[in-house]
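Structural overview
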Amino acid sequence: MILKTEKTIYEEFSSHENAIDQFRSDVLEGLTNTPKKLHSKYFYDTIGDRLFQQIMAMPEYYLTNCEMDIFQNKTSELAQIILESGTAFDLIELGAGDGTKSAFLLKDLLEKQADFNYMPIDISANILSVLSSKLKADLPELTITCLEGEYFKMLEKAANLSSRRKVVLFLGGNIGNMEKGEALAFCSDLSSYLSPGDIVLMGFDLKKNPQMILDAYNDKTGITAAFNLNLLTRINRELSADFCIEKFEHYQTYDPLSGSCRSYLISLADQVITIEERSVDFEKDELVYMELSQKYSLPEIEALAENSGFVTINHIMDSKSWFTDVAWGVV
């Protein structure tokens, strides 16, 4: 057993306090803006993690099966892109989650005796713990270094830990959680943290039948609604707020022209919420903007790569051509 020193305990406490301070700041800033907004990155506490696992298992939520199709049936194509240079690498996954999809790639790379270290990055300590335990049981030969925190801070940490080339995974269509301008800035920033020879594998949900997209984010069983509303419960618990969850409901929209799928919470009454002794007014029918899930066309993806410092190596589609994992090289 390794005993924690006083310094280690202080650092853990300090890190937790910093996270709470940032959470408080973001929540208060978002709810005092016009229109009101909450950051979707805070969906993922222990309950939120569990609800999102249920969302991914829903028949309406086609994204999971589409990208799973790629990682189950086209693993060799993904591995070939990664291994083409023949050099050792760090496989860094942004927002790793439970690693269900990437596990297929990890297994294939191990079978091909690739020289690599897996570095999952996630803001949720809980999900990293679950992932690490699962992979150590299923793939005991895998070298794994978990990195908890924001993407770019952890990318910088990964670069300090190892000078090997980087292969970055950004799966699940998570790029779609950003406005198009934000996505361009994110990809440009990402390229600045990487070097020629590094590779990015990024998942994009493609534009398709509008009703299919809307159903995926507005399931009749109410799991997605519970996922969104859980953020209010988290604010109550961690910031001593007094949201009455029953006075808010989930609302979903999709615009097939722009490809923007947006979720909101609607205040069902005039009400005043207290967050750590600060009052926030809500009018009846006022919206709180929660999340964007942007859908792309292939030309839009090509333009994003070109404008952010990448060159397209390949794009690998699922069997229905509803989703693509693109491989970009750093210019």
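Residues numbered from 1 in each chain as written. Predicted model: local features only at pLDDT ≥ 70, side-chain atom pairs only at ≥ 80, totals over all residues. Heavy atoms only, no water.

Comments concerning the overall build of the chain
Assigned secondary structure in the chain consists of 11 helices and 13 strands. For 331 residues, the compact-globule formula gives about 20 Å, and the C-alpha radius of gyration of the chain, at 20 Å, lands near that figure. The dimensions of the chain, computed from C-alpha atoms along their principal axes, are 60 × 55 × 35 Å. By the burial criterion, 50% of the 331 residues in the chain qualify as buried. Expressed as a percentage of contacts within the chain between residues at least 6 apart in sequence, the contacts between residues at least 24 apart total 72%. Surface summary for the chain: the accessible area is close to 16,000 Å², and the carbon and sulfur share equals 51%. Treating the 30 positive side-chain charges of the chain as one cloud and the 51 negative ones as another, the clouds have centres 2 Å apart. (Helix = DSSP H or I, 4+ residues; strand = E, 2+ residues; numbered from the N terminus. Rg over C-alpha atoms; globule rule 2.2 N^0.38 Å. Buried < 20%, exposed > 50% of the residue type's maximum accessible area, 1.4 Å probe, protein only. Contact = heavy atoms within 4.5 Å. Areas by Shrake-Rupley, 256 points an atom, 1.4 Å probe, with all protein chains shown as cover. Lys, Arg positive; Asp, Glu negative; His and termini not counted. Charge placed at Lys NZ, Arg CZ, Asp CG, Glu CD.)

Brief notes about the packing of helix H7 (residues 151–161) against helix H8 (residues 180–192)
Following both chains from N to C, one finds H7 and H8 inclined at 10°, their axes separated by 11 Å at the closest point. When the interaxial angle is binned, H7 and H8 end up roughly parallel. Residues Tyr151, Phe152 and Leu155 of H7 form the contact with H8, whose participating residues are Phe186, Asp189 and Leu190. For the contact of H7 with H8, the class distribution of residues is five nonpolar, no polar and one charged. (Axes fitted to C-alpha atoms, helices over the stretch in contact; angles between N-to-C directions. Parallel < 35°, antiparallel > 145°, perpendicular 65-115°, else oblique. Nonpolar A, V, L, I, M, F, W, Y, C, P; charged D, E, K, R; others polar.)

With respect to the pattern of salt bridges
Under the defined criterion, the tally for this structure stands at 19 salt bridges. A salt bridge links lysine 112 to aspartate 108, with the shortest nitrogen-to-oxygen separation between them at 2.7 Å. With relative accessibility at 41%, the residue lysine 112 sits in the partly exposed group. Note on aspartate 108: relative accessible area 11%, which makes it buried. One salt-bridge network, held together by shared partners, links Asp45, Arg234, Arg237 and Glu238. (Salt bridge = Lys/Arg side-chain N within 4 Å of Asp/Glu carboxyl O.)

A short note on the nonpolar core
Of all hydrophobic cores here, the largest spans 68 residues; its most connected members are Leu91, Phe116, Tyr118, Ile235, Phe243 and Ile275. When residues of this core are assigned to their parent elements, the largest contribution, seven residues, is made by helix H10 (residues 223–239). Each residue touching isoleucine 275, except ones within four places of it in the same chain, is listed here: Val27, Leu28, Leu31, Ile235, Leu239, Ser240, Ala241, Phe243 and Val280. One finds Leu94, Met178, Leu194 and Tyr296 within the second-largest nonpolar core, a separate group that totals 31 residues. (Core = buried A, V, L, I, M, F, W, Y, C linked by side-chain atoms within 4.5 Å.)

A short note on helix H11 (residues 298–307)
Among the residues of H11, those classed as buried are Ile301, Leu304 and Ala305. Looking straight down H11, one finds that the buried residues subtend no more than 100° of arc, so they occupy a single side. Exposed side chains of H11 directed beyond 90 degrees from the buried face belong to Pro299, Glu306 and Asn307. Glycine 309 occupies a position one or two residues after H11 and carries a positive phi of about 95°. (Arc of directions from axis to C-beta.)

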